[in-house]
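Survey of secondary and tertiary structure
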Amino acid sequence: MNYEVDLTVEPAPRNSRLLALLGIFQIKWLLLLPHLILLTLITLIWGLVVWIGYWIVLFSGRMPDGLRSFITGYQRWLVRVVLWNAGIVDRYPPFTFSDEDY
C-alpha cells in the first residue's frame, strides 16, 4: 500500500510586509474568521464521517471514494488556512475542498 502525502509550498520571491504586520498584531485571525467558523462546523461533520469510515473499513476493507474525498478535502482546506495564518503563503485560502484552482 502506498500512503504518500505530498505537500509542496513554493517559496515566494518576496513575502508581504503588510501581512507580516497583521500577523504581528494578531489581526490575521479576524480576517480568517469566516474560515474558522465554517471549519468549526465542518469539523463536527468531519469527525462523524471519519467514525463512519472506520466502520465501513472494518466491514468492507475499503474506504468509499466519497468519504475519502470529503476527508482529504477538509484536511486540504485546513492546511491552507494554517499556512496562510503562519505566513508561509501570502495567497488568501479559498473556501473550497478542491485543489484545482489553488
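Throughout what follows, the structure given in this document is the object of discussion. (Residues numbered from 1 in each chain as written. Predicted model: local features only at pLDDT ≥ 70, side-chain atom pairs only at ≥ 80, totals over all residues. Heavy atoms only, no water.)

1. Structural notes on the packing of helix 3 (residues 33–60) against helix 4 (residues 65–86)
For the pair helix 3 and helix 4, the least separation of the axes is 10 Å and the interaxial angle reads 145°. As helix 3 packs across helix 4, the resulting crossing turns out to be left-handed. Across from His35, Leu36, Leu38, Leu39, Ile42, Thr43, Ile45, Trp46, Val49, Val50, Gly53 and Ile56 in helix 3, the residues of helix 4 making contact are Leu67, Phe70, Ile71, Tyr74, Gln75, Trp77, Leu78 and Val81. (Axes fitted to C-alpha atoms, helices over the stretch in contact; angles between N-to-C directions. Helix = DSSP H or I, 4+ residues; strand = E, 2+ residues; numbered from the N terminus. Left-handed = near helix turned anticlockwise from the far one by under 90°. Contact = heavy atoms within 4.5 Å.)

2. With respect to the pattern of salt bridges
Summed over all chains, the structure comprises one salt bridge. Asp65 serves as the salt-bridge partner of Arg62, at 3.5 Å between the closest nitrogen and oxygen. (Salt bridge = Lys/Arg side-chain N within 4 Å of Asp/Glu carboxyl O.)

3. Concerning helix 4
Over its 22 residues, helix 4 extends 31 Å from the first C-alpha to the last, a length consistent with the 32 Å expected when each residue adds 1.5 Å. If you check which residues of helix 4 are buried, you get Leu67, Ile71, Gly73, Tyr74, Trp77, Arg80, Val81, Leu83 and Trp84. In this fold, the buried residues of helix 4 make contact with helix 1 (17–24), helix 2 (28–31) and helix 3. Once helix 4 finishes, Gly87 follows within two positions and takes phi at roughly 85°, a positive value. (Expected span 1.5 Å × (residues − 1). Buried < 20%, exposed > 50% of the residue type's maximum accessible area, 1.4 Å probe, protein only.)

4. Observations concerning the environment of Ile71
As for its placement among the helices and strands, Ile71 is situated in helix 4. Considered as a pair, Ile71 and Asp99 are 28 residues apart in the sequence and their alpha carbons are 13 Å apart. In this structure, Ile71 is in contact with Trp46, Val49, Val50 and Met63, ignoring residues within four places of it in sequence.

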